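# An overview of the molecular structure
Chain residues, written in single-letter form:
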Amino acid sequence: MLATTRRSSRVIPRVHGFAGSVRYASTVTDSYTQKVDKARYDCIAQLSKADPSSLFMSKFYPEYLRDAFIAFKSFNLELSKVSFGFQPGATNKSREFNNLKFQFWLQQLNKCTQLDESTASTIFLDINEPCTILLADLVLKKLSFSPDMLVQMVHSHQHFYAQNSSTGFSNLDEMCSFGEGTHSQVNYLMQSVLLSPQLTGFSDVGIDLLQLPTTGTNELRHNLTDVSAHLGQATAIGSFLVGLQYFAQKKQTLMLPTDTLTKYRLPEEVCLRYLQGTHNEIGDVASTKELVKNVVFEVATLANDHIISARTKLETAKEQIRRLASENGRNDLLKAAGKRQFPDCFFLPYLAGLPTVLYLERLEKADFDVLHPKLLAKEWRLGFRAWNAERTRCI
């Protein structure tokens with residue numbers, strides 16, 4: 001519980017098993033609860049505007065685990081505001097100020113890592129950003145996740161700001177590297193949280209499978225992690241394709257790999273003008289459009305390759321689970337795993353890749369024309385596809 005010097009604050013929420021669900025030890029409304037509730041409200045409001053797909057996906061998590069997903073997504077969004085918030089022709093002083101913002105987030109994370117029942121009464125007062133308040137609440141609940149992954153997210157955004165924000169990417173590997181350091185980290189964090197030992201009735205099956213006395217469990221761990229890695233990299237590539245016109249018009253920056261532009265002999269300036277809509281400054285608009293589509297096709301193909309790799313690894317993981325359970329005489333775990341013999345604690349983080357899957361499908365139907373009006377329409381299929389993916393354990 002919180003230190004006795006602050007009796008007005010509630011007992012730190014503890015997670016207990018209860019008929020396959022989770023309850024909190026205290027439901028008393030006080031300053032701590034109000035602060036967390038306000039932070040949750042603010043994060044949800046922010047996601048509803050900037051990332052509604054993620055907010056929708058949070059509904060597939062049990063209510064007691066949604067805060068974790070919302071916190072990690074909101075934290076990544078806050079970092080994006082800094083790394084994507086550059087202005088054309090920004091002065092060195094302006095860039096130094098933005099770097100201080102990254103340091104601020106590192107300081108907030110450091111305070112979160114210092115939290116425990118003896119220090120919460122003092123340190124928690126200095127944590128005032130909505131996403132870090134939720135992160136602090138996760139720490140106090142003793143849910144399993146590594147703060148190093150959050151630090152990696154900060155460093156990845158800072159690297160993007162320093163190296164790519166004004167000049168774009170040199171190659172596709174740089175795009176994938178950014179995805180690995182940001183979106184993949186979110187997936188890893190959720191995987192870790194969902195396997196917290198105290199989530200009795202939820203994480204038990206996953207933990208038991210990974211602790212079977214056989215070398216095959218290491219391969220299973222690697223495959224589960226690889227799925228998250230591939231989906232995170234695909235998500236990053238997809239997000240930059242979605243934002244091509246925004247970066248071109250608002251930031252005067254081309255977020256397509258330089259080496260791919262060179263391959264198709266498409267000058268960066270011409271591509272930038274095309275995405276900005278200043279067609280009067282382009283000689284042959286039709287030819288430029290086809291060249292842009294070719295470049296987009298190659299970038300989208302890499303994203304799709306990561307999706308395919310994720311699906312392949314997922315199917316391999318399913319087979320490994322069945323084999324491990326059979327070899328160890330633990331077929332009861334397969335029954336307990338539920339749908340398709342693949343537990344929620346393994347699968348739920350993978351749903352985060354669905355919006356990218358749907359966008360790539362729409363982009364293909366639009367013949368890889370990123371300026372096609374239909375790509376601006378709301379994705380009405382997300383609800384059904386997410387439900388079906390959760391039901392069939394496929395992405």
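Residues numbered from 1 in each chain as written. Predicted model: local features only at pLDDT ≥ 70, side-chain atom pairs only at ≥ 80, totals over all residues. Heavy atoms only, no water.

Summing up its helical and strand segments, the protein chain has 19 helices and 2 strands in all. Taking 395 residues into account, the globule formula puts the C-alpha radius of gyration at 21 Å, and the protein chain, at 23 Å, falls close to it. Burial analysis of the protein chain (395 residues in total) assigns 51% to the buried set. Considering only contacts in the protein chain between residues 6 or more positions apart, those separated by 24 or more positions represent 74%. (Helix = DSSP H or I, 4+ residues; strand = E, 2+ residues; numbered from the N terminus. Rg over C-alpha atoms; globule rule 2.2 N^0.38 Å. Buried < 20%, exposed > 50% of the residue type's maximum accessible area, 1.4 Å probe, protein only. Contact = heavy atoms within 4.5 Å.)

Moving on to the layout of surface pockets. By volume, the largest pocket amounts to about 1600 Å³. In terms of lining, the largest pocket is formed by 46 residues, of which the most central are Ala50, Asp51, Ser53, Ser239 and Val242. Mapped onto the lining of the largest pocket, the elements with two or more residues apiece are helix H2 (52–57), helix H3 (63–83), helix H11 (216–242), helix H12 (244–250), helix H18 (354–365) and helix H19 (382–392). Taken together, the residues of the lining of the largest pocket sort by class into 24 nonpolar, 15 polar and 7 charged. (1 Å grid on protein atoms, 1.4 Å probe; cavity = no way out; pocket = protein on both sides within 12 Å on 5 of 7 lines; lining within 4 Å. Points joined across faces, edges and corners; volume = space filled by probe spheres on them. Nonpolar A, V, L, I, M, F, W, Y, C, P; charged D, E, K, R; others polar.)

Position of Asp67 among the secondary structure elements: in helix H3. Given the relative accessible area of 7%, Asp67 is considered buried. Engagement of the side chain of Asp67 in a polar contact is seen with the side chain of Arg40, the distance being 2.7 Å. Apart from the residues within four sequence positions on either side, Asp67 is in contact with Val36, Arg40, Leu134, Asp137 and Lys141. (Polar contact = N/O pair within 3.5 Å; in protein donor to acceptor, adjacent residues only side chain to side chain.)

Next up on the list: the environment of Leu140. Residue position: Leu140 is located in helix H6 (residues 130–140). Counting along the chain gives 101 residues from Leu140 to Leu241, while the straight-line C-alpha distance between them is 38 Å.

Our focus in this paragraph is the pattern of salt bridges. Counted according to the given criterion, the structure contains 20 salt bridges. Close ionic contact of Asp42 with Lys38 constitutes a salt bridge, the shortest N to O distance being 2.8 Å. One end of the pair, Asp42, and the other, Lys38, are both in helix H1 (residues 31–50), 4 residues apart, so they sit about a helical turn from each other. Between Asp137 and Lys141 there is a salt bridge, and its shortest N-O distance comes to 3.1 Å. By relative accessible area, Lys141 is classed as buried at 5%. Shared partners join several salt bridges into a network, and the residues in it are Glu361, Arg362, Glu379, Arg381 and Arg385. (Salt bridge = Lys/Arg side-chain N within 4 Å of Asp/Glu carboxyl O.)

A few words on the packing of helix H15 (residues 285–327) against H18. It is at 11 Å that the axes of H15 and H18 come closest, and there the two elements cross at 140°. Between H15 and H18, the angle is such that the two are oblique. The two elements H15 and H18 meet at a crossing, and its hand is left-handed. Each of Val296, Ala300, Ala303, Asn304, Ile307 and Arg311 in H15 lies in contact with H18, whose residues at this interface are Val357, Leu360 and Leu363. Classifying every residue of the contact of H15 with H18 gives 7 nonpolar, 1 polar and 1 charged. (Axes fitted to C-alpha atoms, helices over the stretch in contact; angles between N-to-C directions. Parallel < 35°, antiparallel > 145°, perpendicular 65-115°, else oblique. Left-handed = near helix turned anticlockwise from the far one by under 90°.)

The subject of this paragraph is the packing of aromatic side chains. Going through the model one piece at a time under the given rule, you end up with 24 aromatic pairs. The interplanar angle of 65° and the centroid separation of 5.9 Å between the aromatic rings of Phe84 and Phe240 together place this pair among those described as edge-to-face. With Phe84 in the loop between H3 and helix H4 (92–113) and Phe240 in helix H11, this pair connects stretches of sequence that are 156 residues apart. Overall, the relative accessible area of 1% leaves Phe240 in the buried class. Arranged with centres 6.3 Å apart and planes meeting at 85°, the rings of Phe342 and Phe347 form a pair that is edge-to-face. Judged by its relative accessible area of 0%, Phe347 is buried. Ring pairs connect the aromatic residues Phe84, Phe160, Phe169, Phe178, Phe240, Tyr246 and Phe247, which therefore count as one cluster. A cation over a ring is seen here: Lys35 above Phe124, with NZ or CZ 4.5 Å from the ring centre. Between Arg95 and the ring centre of Tyr161, over which it is positioned, the NZ or CZ distance is 4.9 Å. (Phe/Tyr/Trp six-rings, centres within 6.5 Å; stacked < 30°, edge-to-face > 60°. Lys NZ or Arg CZ within 6 Å of the ring centre and 35° of its normal.)

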